[in-house]
Every structure is written in structure tokens, then in C-alpha cells.
Amino acid sequence: MSTHKELSSEDYLSLINAATTALSEKLLSYAGHGIDKPRVLIICGSGLGGIADILHSEPSLEVSYGEIPGFQQSTVPGHAGKLIFGLIGEKKVPVVCMVGRLHFYEGYTFQQTTFPVRVSKKLGVETVVVTNAAGGVNSEYKPGDLMIINDHINFPGFAGHHPLRGPNLAEFGPRFQPLSDAYSHSLRNLFFKKAKELGVTRSIYEGTYLFAAGPTFESRAEVRMVRILGGDAVGMSTVPEVIVARHCGMEVLALSLITNAGVGEKPPSAFEENPRPLDDGMASHDEVLESANEASKDVQKIFAATINEL
């Protein structure tokens, strides 16, 4: 998978099996220690790679993407590009943590960006926990707030850019995948309960995530459009992985960290003599990483408590 072209179903399935075999061989020496049979996949979003810190220090196995057949290299700052196998919580729940995801805007196909999800399914994963950094579109959201995703809008999907496009991989799921139950109610409820038990005071909302292809942040008119469509937050990831996870029959818990507020006010008129600066409130990737860093401790605590119950 060195190029960014769609593979035939046969070649794609062969590559999934090759990756699964390669990882299984690396995990052989950890048999009996728990981490060789991961039950949860954690996908870390921009600036949220620190989630891997909630894993026990031992036993642990790190595998860079470059060592795994079919895995691509993440090119985005804040995405390390490695898998970490380990245990979480007192109950020692076996997990695999994806430190750094792949994005459509990097030039990768949806086959490539969702490849790790299908490999994790072959390894025995039952639950996928997805995180992302997102722009707040809902006027109540402020940078640093958390939003549990209870629904999504797959905007590129309306134009045919869909992760399930092409021949159906029947060994994973059906041709026509329902998504009305995409985000597990029981997992969302558990997350809120654990946040309350831990006394987390950071604002936690529940809302709809709109997936836009990126890599540009939204224009003012696009922010207004997202609001009209019913989006509470907007970002450049997550939905393709969620769709494929559900196609594989896995439960999903997804979290957006609100890192910036979308600027939706119309730009100042050319007739204004002393307008507000156009860059007032403008988003940047540095801002995304800074906000993620500030909120990461709360996110880690809640996820550690939540995953401990899985």
C-alpha cells in the first residue's frame, strides 16, 4: 500500500491479514500477560496522544506504523504514528492505543485511513474509543469543553466520498450498514457517570459532529452552514473510522475536545472604516494542540475509569 490508490477487495483483505499476522507474531511473546488479546482500540486525536499515558507501564509493546504491512505514516504534528499494546485500570483491560491517526486530507484513501480499524477487529477488538480535536460550532461551546458524540453528519459522504464505497467486505459487515445506533448509549452513559464520580468540573456536552474533509479550517459561511445543518462541532476525522467500526460490529464511544470556537459572523463590510481584524478568533493548529494539552488530564482520568469497566 505504498501508493494512495484504491486496492481490489482481494488485495485489501490480503493486506489486512498480513498486518494481523505481523502484529500477532509480535504479541506471541506476551501470551499470558493479557495484552496479546486487546478488547479496546483507542484512537488518539490531535494533541491527545497523552491518553496512552493511562496504560500500565508493563507489560507494554510499541510498534511503529512503519513496521506493520499496510499501515501508513501520519504526517500531522501531534500524531506520533505508533500502536501501543497494554493494560488499563485495576481490572487490567487489554487495549491497543493508536497514537496518531491517518486523515483523508493527507492524501490517503479511506481504505488506508480506516485500515487500522479492520486490523483491530481481526485481532479481537470489540470496542472502539475515538477522540478528536474539533471546532465548536454550537454557541454554548467554549475551548476546553468536551463533547460526547451522539450523532454525526458525514458531509463528504453526500458527495460519494464514503469509506464503504465499492465492493462490500462481507466478512466484516453488511452491504447497507445502519448508523442510527452508531454511538453506543451505554458507553456514553458510562462516560458521564465516571466524569461525575471523579468530580470533573470541565463542561461536558453531548452533540452532533460534522465531518469535513479539511485541511482548511472552516470559512465563516461554512460555520453558519454547519449550524443550519445541525452540527455542534466540526472536524476532519473520526466519522470514517466510526462507520467502519460499526460495519465490523464493534461498539463505539467518541469524544470531541473543543479546541477553538468557529467564527461564523459575517466578515466586516468593505464600507467599514474601522473594522474588526479579520483574524480575530481565527483557528490555528497550535491553538488546537494547546487546548488539547490543557484538557488532556481530565480526558485521561475519565477514559481510564470508563475503559476499566469494559
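Reading the values: the criteria
- Residues numbered from 1 in each chain as written.
- Predicted model: local features only at pLDDT ≥ 70, side-chain atom pairs only at ≥ 80, totals over all residues.
- Heavy atoms only, no water.
- Salt bridge = Lys/Arg side-chain N within 4 Å of Asp/Glu carboxyl O.
- Helix = DSSP H or I, 4+ residues; strand = E, 2+ residues; numbered from the N terminus.
- Buried < 20%, exposed > 50% of the residue type's maximum accessible area, 1.4 Å probe, protein only.
- Contact = heavy atoms within 4.5 Å.
- Patch = residues over 30% accessible without salt bridge, like charges linked within 9 Å, V, L, I, M, F, W, Y side chains within 5 Å.
- Areas by Shrake-Rupley, 256 points an atom, 1.4 Å probe, with all protein chains shown as cover.
- Pairing = 2+ DSSP bridges.
- Polar contact = N/O pair within 3.5 Å; in protein donor to acceptor, adjacent residues only side chain to side chain.

Under the criterion given, the structure shown has 11 salt bridges. Among the salt bridges present, the one from arginine 101 reaches glutamate 241, with a minimum N-O distance of 2.8 Å. You can see arginine 101 sitting in the loop between β4 (93–99) and α2 (110–113) and its partner glutamate 241 sitting in helix α7 (residues 239–247), a full 140 residues away along the chain. An identical accessibility class is assigned to arginine 101 and glutamate 241; each is buried. Here the salt bridges share partners, and the residues they tie into one network are Lys91, Lys194, Glu197 and Glu309.

Omega for the peptide link from glutamate 58 to proline 59 comes to -10°, which places this bond in the cis form. Within the element layout of this structure, proline 59 appears in the loop between β1 (40–44) and β2 (61–64). With an omega of 10°, the peptide bond running from glycine 214 to proline 215 counts as cis. Structurally, proline 215 can be placed in the loop between β7 (204–211) and α6 (220–229). Backbone geometry places lysine 92, a non-glycine residue, at a positive phi of 50°. If you trace the backbone, lysine 92 turns up in the loop between β3 (82–88) and β4. Of note in this structure, threonine 238 is not a glycine but carries a positive phi near 75°. By secondary structure assignment, the location of threonine 238 is in the loop between β8 (233–235) and α7. Look at threonine 238 and you get buried, because its relative accessible area is 0%.

Burial analysis of helix α3 (residues 115–122) places six of its eight residues in the buried class, the great majority of the element. Among all positions in α3, only Phe115, Pro116, Val117, Arg118, Val119 and Ser120 are buried. Along its buried surface, α3 packs onto α1 (9–27), β1, β4, α2 and α7. Phi turns positive one or two residues past the end of α3, at glycine 124, with a value near 105°.

Let's shift gears to the environment of proline 163. One can find proline 163 in the loop between α4 (155–158) and α5 (185–197). For proline 163, a relative accessible area of 9% translates into the label buried. When the C-alpha positions of proline 163 and isoleucine 153 are compared, they lie 14 Å apart, and in sequence the two are 10 residues distant. Residues contacting proline 163, with those up to four places away along its chain left out, are Phe110, Thr114, Arg118, Asn154, Pro240, Ile243 and Val244.

A contiguous nonpolar surface patch, about 400 Å² in accessible area, is contributed by Phe155, Phe158, Met225 and Leu229. Those elements giving two or more residues to the nonpolar patch turn out to be α4 and α6. By secondary structure assignment, the location of phenylalanine 155 is in helix α4.

Most of β1 is tucked away, with five of its five residues classed as buried. Both faces of β1 are covered, namely the face carrying Val40, Ile42 and Cys44 and the face carrying Leu41 and Ile43. Direction of pairing for β1 relative to β4: parallel, over a ladder of five bridges. Within the sheet, the bridge partner assigned to cysteine 44 lies in β4 and is valine 99. As defined by bridge partners, β1 adjoins strand β5 (residues 127–136) across four bridges and the pair is classed as parallel. Its bridge partner being in β5, valine 40 is matched across the sheet by threonine 127.

This part is about the side chain of aspartate 145. By the secondary structure assignment, aspartate 145 is in the loop between β5 and β6 (146–154). Within the structure, the side chain of aspartate 145 is placed 2.8 Å from the backbone nitrogen of lysine 142, a separation counted as a polar contact. Residues contacting aspartate 145, with those up to four places away along its chain left out, are Glu140, Arg202, Ser203, Tyr205, Ser256, Leu257 and Ile258.

These figures capture arrangement, not role.
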